[in-house]
Amino acid sequence: MDYDPDDLFRDDDEDNENEFYQIKDATKELAVYLIDASPKMFIPQNEREDGQEETHFYIVVNSVAQALRTQIINRSYDEIAIVFFNTREKNNLQDLSNVYVFNVPDREQLDRPTARLVKEITHVGETFISKIGSQYGIISGSRENSLYSAIWVAQALLRKGSVKNTDKRMLLFTDEDDPFGGIRGMAKTDMTRTTIQRAKDAQDFGISIELLPISGTDQQFNISLFYADLLGLEGEEVAQFIPLAGEKFQDMTDQLRKRMFKKRRVRRITFSITDGVSIELNTYALLRPALPGSITWLDSVTNIPLKSERSYICADTGALLQEPVKRFYPYRNGNVLFSVQELADVKRLATGHLRLLGFKPLSCLKEYHNLRPSTFLFPSDEEIAGSTCLFVALHRSMLRLKRFAVAFYGSSAHPQLVALVAQDEITNPSGQVEPPGMHMIYLPYSDDIRHPEEVHTPADVTPCPRATDDQVEKAAALLKRVDLKDFSVCQFSNPALQRHYALLEAFALGEDEMPQTVDETLPDEEGMSRPGIVKAVEEFKTAVYGENYDQEEAEKAKSSGSDASKKRKAAAEHAAKESSRYNWDELVDSGKLKDLTVVELKYYLTAHNLPVTGKKEALISRILAHLGK
């Protein structure tokens, strides 16, 4: 298979004048929710758990509200607007009938979602009929075309922002598959033509239109009647649209609270292949830990973020120092002074370039060599012309010969040997799954690979005890039983982060009840109780410990005679005693929790069996989460 550098290895960060230019990934999303408010949307469909009747309007509004809740965490800088059409009242800058732009005070019509907007849209159904009203905006004998007007209003709202760095889209919710079904003759033809043309004009301005249809209990949404022409669907796309739209609509409600990181270049490095031959590479971090945001201290009166400043005062004169502070190192009878820049130069061990050393078969690279997340490499022609072509040639050869490259990565902090593993492009019918490029794997030093049996085996035990063939067989059978098929870390959410976000959401919305989060990382007790797994566990225990082994008695005997356990118990008792001296609820309410020392904060954490790692802000956040504040 031949590679085309123009298609596969085109850089995202190049300018318009470069022959390999490609539009950057959108860094910001502008979205307008177009919600049909016709009387048909308010027809009762099912009965909700609270006894109220469920309508299509309620389903849509609930999904939009849930999407806004998660968007504040996922993509906090994206901007949205909510537009109802087929309404009795009107509220839009164009003064068009049957279109109502829903908003709250102190917010632009297209702006970042706020807690007040989420609260108002969540309960909009309770007063919608009385305050905004519902009516058909497309009826026979009338020139009003509410769908046309709604697209026009949405297009006007999406005028802000450049197409190069924003992703603009409209999300249309409706259960009416033929909006012009009640009109006949030339009037219907004219309205259909002008509405489709209005949609095409919006798409020409870089605005995508997404339809999320809602089917009734007794009638399937027929997209062929009108919306297939509006969206430009042809052939198999028409048949596949409804199932895909249903999945997309379900994802709006079921999506997790998780931070979404846009693909951005970490840094640009130079890859030296031979003397005088170098190419330019961009590096990307494919995986990064998701951590709660840092604490922001606010003024108790104005609620404005506080800014801390540090000043140095001369110990001899008491004057405020204006010059940059210098470091020193005592040597003999004096101090050797260093500026901050000089100290940084001393610590710099390498230039930060990547230098090729040679190639080795892929069989020489073991799984345990990958001790930390790899870095993804992608070529760039921004400063060194021809980098992409040379990278493609090297990439093709490594894939064909099944080799990986060994290189020296001279990072300033931790220079080391790395392995460059070529990755071919992986696609499926939906598009690209994995891009082509190279993974830079950081190879371990010799002391990074340790043998635990040498450390934990007592000196008087020789030789080292090893498992018998029967024990290995029983262990393999047990692992086979509990193995998760098609496992992915994306299937499970971090319970601590989910609770953190849930508490923030409840606090911002002023909710009295604290939300309950499900810990999906806990063992599946129902699944583990299946007869096949229980039998495999018992066989493994019998093979390792014997038939008459009592686990509770063994653990009790071990804990009673362990010095380490006694020390931990004594430390826990001391922490509980010291923690009881403080009124933690009062400290939180009065804002004096931050005045405590790290040692005092750890008293509370140790007494309640919570982690004590991290900086002071992390400890305070952990205490607040445990107290439900």
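- The chain has the name ATP-dependent DNA helicase 2 subunit KU70 in an unreviewed UniProt entry, where Aristolochia fimbriata is given as its organism.
- If you open the UniProt record of the chain and go to Sequence similarities (unreviewed entry), you find "Belongs to the ku70 family."

## A word on the pattern of salt bridges
Part 1 of the reasoning: Within this structure, the stated rule accounts for 14 salt bridges.
Part 2 of the reasoning: Two residues, R268 and E382, come together in a salt bridge whose shortest N-O distance is 2.9 Å. Residue R268 is found in strand β8 (residues 267-274), and its partner E382 is found in the loop between β13 (375-379) and α10 (387-401); the two are separated by 114 residues along the sequence.
Part 3 of the reasoning: Exposure remark for R268: the relative accessible area of 29% places this residue in the partly exposed category.

## A word on the pairing of strand β17 (residues 431-434)
Part 1 of the reasoning: Pairing analysis gives 3 bridges linking strand β16 (residues 426-428) to β17, with the strands arranged antiparallel. Bridge pairing in β17 places I426 opposite E434.
Part 2 of the reasoning: In textbook terms, the turn of a hairpin is the stretch between consecutive antiparallel strands, and for β16 and β17 this stretch comprises 2 residues.

## Considering the packing of helix α2 (residues 56-74) against helix α3 (residues 115-122)
In a packed pair of helices, the relevant descriptors are the angle between the two axes and the axis-to-axis distance.
Part 1 of the reasoning: It is the contact of α2 with α3, at a shortest axis distance of 9 Å, that shows an interaxial angle of 165 degrees. Relative to α3, α2 is oriented roughly antiparallel. Every pair of crossing elements has a handedness; the one defined by α2 and α3 is left-handed. Of α3, the residues touching α2 (which contributes V61, A65, L68, R69 and I72) are L117, V118, I121 and T122.

## With respect to the side chain of T375
Part 1 of the reasoning: Within the secondary structure, T375 is located in strand β13.
Part 2 of the reasoning: Taking the relative accessible area as the measure of exposure, T375 reaches 13% and is therefore buried.
Part 3 of the reasoning: Side-chain polar atoms of T375 contact the side chain of Y442, separated by 2.7 Å.
Part 4 of the reasoning: Once residues within four sequence positions are removed from consideration, T375 is found in contact with T283, Y284, M438, H439, M440 and Y442.

Reading guide: rules and limits
Residues numbered from 1 in each chain as written. Predicted model: local features only at pLDDT ≥ 70, side-chain atom pairs only at ≥ 80, totals over all residues. Heavy atoms only, no water. UniProt positions renumbered as here; feature names shortened; annotations may be inferred. Salt bridge = Lys/Arg side-chain N within 4 Å of Asp/Glu carboxyl O. Helix = DSSP H or I, 4+ residues; strand = E, 2+ residues; numbered from the N terminus. Buried < 20%, exposed > 50% of the residue type's maximum accessible area, 1.4 Å probe, protein only. Pairing = 2+ DSSP bridges. Axes fitted to C-alpha atoms, helices over the stretch in contact; angles between N-to-C directions. Parallel < 35°, antiparallel > 145°, perpendicular 65-115°, else oblique. Left-handed = near helix turned anticlockwise from the far one by under 90°. Contact = heavy atoms within 4.5 Å. Polar contact = N/O pair within 3.5 Å; in protein donor to acceptor, adjacent residues only side chain to side chain.

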